Amino acid sequence: MSKTAETEGALETRGIEQVPDHERTARTRELFPTWVGANISVLLLTMGASLVVAYRLNLWQALVVAVAAPVVSYGLVGLIGIAGKRGGAPGMALSRAVFGQRGNLLPGSLIWVARWGWETINAVVGAYAMLTILHILFGLKANSALDMVMLLAFVVATFAISGLGINAVQRCNKYATCLFGLFSVLVLAHLIVDTDWPGVFARSAGSTAAVITGIGMIAAGGVSWIPSAPDFTRYLPRTASAKAIVGTSIGGAGIVVLPMVLMGAVMAVSVPDLASAADPVSFLGKILPTWIAVPYLLIALIGMLLINAMSMYSAGFTAQTLGFKVPRHWAVSVNAVISLAFGSVLMLAATGFIGSFIAFLSLLAVAFSAWVGVFGADMLRRTQYDGRAMADTTRTSAYWYRGGFSPAAVTAWATGLAAGLMFTTSAWFTGPLARNNVIGEYGLGWVATILVSGLLYLALPKPPVPPRAAATAQPAEQPESLGV
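Residues numbered from 1 in each chain as written. Predicted model: local features only at pLDDT ≥ 70, side-chain atom pairs only at ≥ 80, totals over all residues. Heavy atoms only, no water.

In the annotation of an unreviewed UniProt entry, the entry for the protein reads Cytosine permease, and the organism field reads Streptomyces kebangsaanensis. The Subcellular location (unreviewed entry) field of the UniProt record for the protein holds the comment "Membrane". A UniProt comment under Sequence similarities (unreviewed entry) is attached to the protein, and it reads "Belongs to the purine-cytosine permease (2.A.39) family." (UniProt positions renumbered as here; feature names shortened; annotations may be inferred.)

**Thoughts on the layout of surface pockets**
Approximately 360 Å³ is the volume attributed to the largest pocket. Every residue lining the largest pocket is counted, 23 residues in all, and those nearest its centre are Y55, T213, S362, T425 and G443. Sorting the residues of the lining of the largest pocket by element identifies α9 (208-223), α14 (354-378), α17 (438-441) and α18 (445-459) as the ones contributing at least two each. Among the elements that take part in the lining of the largest pocket, α14 stands out by supplying seven residues, more than any other. Counted by class, the lining of the largest pocket contains twelve nonpolar, ten polar and one charged residues. (1 Å grid on protein atoms, 1.4 Å probe; cavity = no way out; pocket = protein on both sides within 12 Å on 5 of 7 lines; lining within 4 Å. Points joined across faces, edges and corners; volume = space filled by probe spheres on them. Helix = DSSP H or I, 4+ residues; strand = E, 2+ residues; numbered from the N terminus. Nonpolar A, V, L, I, M, F, W, Y, C, P; charged D, E, K, R; others polar.)

**Looking at the environment of S41**
Tracing the chain through its elements places S41 in the loop between α1 (31-37) and α2 (43-53). With 219 residues separating them along the chain, S41 and M260 place their C-alpha atoms 8.8 Å apart. Residues contacting S41, with those up to four places away along its chain left out, are N122, M260, M304 and I307. At a separation of 3.0 Å, a polar atom in the side chain of S41 contacts the main-chain amide nitrogen of L43. (Contact = heavy atoms within 4.5 Å. Polar contact = N/O pair within 3.5 Å; in protein donor to acceptor, adjacent residues only side chain to side chain.)

**Quick notes on a nonpolar patch on the surface**
A contiguous nonpolar surface patch, about 470 Å² in accessible area, is contributed by W60, L63, V67, V71 and F201. The leading source of residues in the nonpolar patch is helix α3 (residues 59-87), at four residues. Mapped onto the secondary structure, F201 falls in helix α8 (residues 197-201). A residue is classified by how much of its surface remains accessible, and F201, at 45% relative accessible area, is partly exposed. (Patch = residues over 30% accessible without salt bridge, like charges linked within 9 Å, V, L, I, M, F, W, Y side chains within 5 Å. Areas by Shrake-Rupley, 256 points an atom, 1.4 Å probe, with all protein chains shown as cover. Salt bridge = Lys/Arg side-chain N within 4 Å of Asp/Glu carboxyl O. Buried < 20%, exposed > 50% of the residue type's maximum accessible area, 1.4 Å probe, protein only.)

**As for the packing of aromatic side chains**
Both the distance between ring centres and the angle between the ring planes are used here to describe each pair of aromatic rings. With the rule as written, the count across this model stands at ten aromatic pairs. A centroid spacing of 5.2 Å and a plane angle of 70° characterise the contact between W112 and W116, whose relative ring orientation is edge-to-face. Of this pair, W112 and W116 are both found in helix α5 (residues 105-138), four residues apart, which corresponds to roughly one turn of the helix. Each member of the pair, W112 as well as W116, carries the same accessibility label: buried. Feature note: the residues W35, Y74, W225 and F232 constitute an aromatic cluster, connected by ring pairs. The ring of Y457 is capped by K462, whose NZ or CZ atom sits 5.2 Å from the centre of that ring. (Phe/Tyr/Trp six-rings, centres within 6.5 Å; stacked < 30°, edge-to-face > 60°. Lys NZ or Arg CZ within 6 Å of the ring centre and 35° of its normal.)

**Overview of empty space enclosed by the protein**
Inspection of the entire model under this criterion finds three cavities of 30 Å³ or more. Of the pockets and cavities examined, the largest cavity occupies roughly 160 Å³. Tallied by class, residues from the lining of the largest cavity come to 13 nonpolar, six polar and no charged.

**What to know about α9**
Look at α9: 22 Å from first C-alpha to last across 16 residues, which is about the 22 Å you get at 1.5 Å a residue. Burial of α9 is extensive: 13 of the 16 residues sit out of reach of the surface. (Expected span 1.5 Å × (residues − 1).)

**Digging into unusual backbone geometry**
Of note in this structure, R56 is not a glycine but carries a positive phi near 60°. With respect to the element layout, R56 can be found in the loop between α2 and α3. We note that Y401 has phi near 55°; this positive angle belongs to a residue other than glycine. Inspection of the secondary structure assignment puts Y401 in the loop between α15 (387-391) and α16 (407-422).

**Section: the side chain of S339**
Considering the arrangement of structural elements, one finds S339 in helix α13 (residues 328-349). By relative accessible area, S339 is classed as buried at 1%. Every residue in contact with S339, bar those within four places of it in the chain, is listed here: E119, T120, V155 and M312.

**Concerning the pattern of salt bridges**
Following the criterion strictly, the structure yields four salt bridges and no others. The salt bridge involving R381 is made with D378; its shortest N-O contact spans 3.2 Å. Judged by its relative accessible area of 0%, D378 falls in the buried class. R382 is the partner of D378 in a salt bridge, and the nearest nitrogen-oxygen pair spans 2.7 Å. The same class applies to D378 and to R382, which are both buried. Sharing partners across several salt bridges, the network here consists of D21, R24 and R238.

**Section: the packing of α5 against α16**
Relative to each other, α5 and α16 sit at 40°, their axes nearing to 10 Å. On α16, the residues that touch L106, P107 and L110 of α5 are V410, W413 and L417. Partitioned by chemical class, the residues of the contact of α5 with α16 number six nonpolar, no polar and no charged. (Axes fitted to C-alpha atoms, helices over the stretch in contact; angles between N-to-C directions.)

Rendered as structure tokens:
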């Protein structure tokens, strides 16, 4: 990301306020390593393996899932990211213009809490990666004390990177992308030579419902980034290409998701008990030779650090929009402490990882999708945002609406969230409408959430774009096409 007055040093000091036009000098191509880095995780290998082990898909069906999932999820990431270059502010700050100053606290709180779970999952997987490396190199066996030490080390490193700000995250992403790409090629070459290919291709095809559900499972990771997309595009100039934002988002994610999911599907032939494993990482030490497994896990560990750093970076903004009167880098510490506490419970108490992880993903996607539907629909009518109104949380704000709420946005969000949950099936929760229909059978609760919330918001009477916003906002860019 190009350096600016606010980001020139190691520590980024800008919070949720609107970025001035003279500081918005970033380029769309810089989004590519951002979304590459957001997907450097061994969890993709685990999820690819679960397509075969849990969903009973064959390799060709796994290929369909691996192509479709990043196109769907990161296509939405790119589309919502356009709001960042329009408004020059983080996603949850821009959301005040849609939901109202008080109304924004509702989806903001849910998204913030959902991030706790996502960051906890990544922290636990990162700790397992370190434990696997120690076991391969030194024969150390995991125990409760060592588990907690590795988890603490991972969370502290994540906090250090995310606390520094966007320059540190972007710089680390560039190096991690190159290293991870190199060793992924080595892993792929090893699999080509060492895999029982007749056994891989002999697997029978799974159901169409399982394919679509698999797409939703892989896409859920991308969906979790959608509200954060403007956080990484707010330094782009207003004239930045909308198509380029969408294209680099899909390309950066797809170049990682596609091979990782397919490699996981191939590895599943050697780990049929993966679905019941408490540790989602150690199987790599059994499948890969040491000279590949150790550096690959080390690079993947860096990737997971960056993923959590990006998530906590955005979570700091969310905390500020919820009213925490602290600098962004201190707001990040709240999520760090929470992920450490929840991660300790998960590592010490969980008996199986994959089942719990898939259940979490299904609920995570619904939680984020309700906001996506409303915010995305609002983008069809709003091309600029008033930075002064976003920062003003009193009754004088142009985004105060009715008592601080936009009734249309809040109603559509709550209705979409309830509808999505009713059609969702997971190991933790099954909605009353999740049986005997295509939406529930195909795992499309999160899609239903987006459609219900978005269409209802378009149908309901909405407060007009405030005249003050139109008068004080920076000049809008030329009309843009959202087509890709």
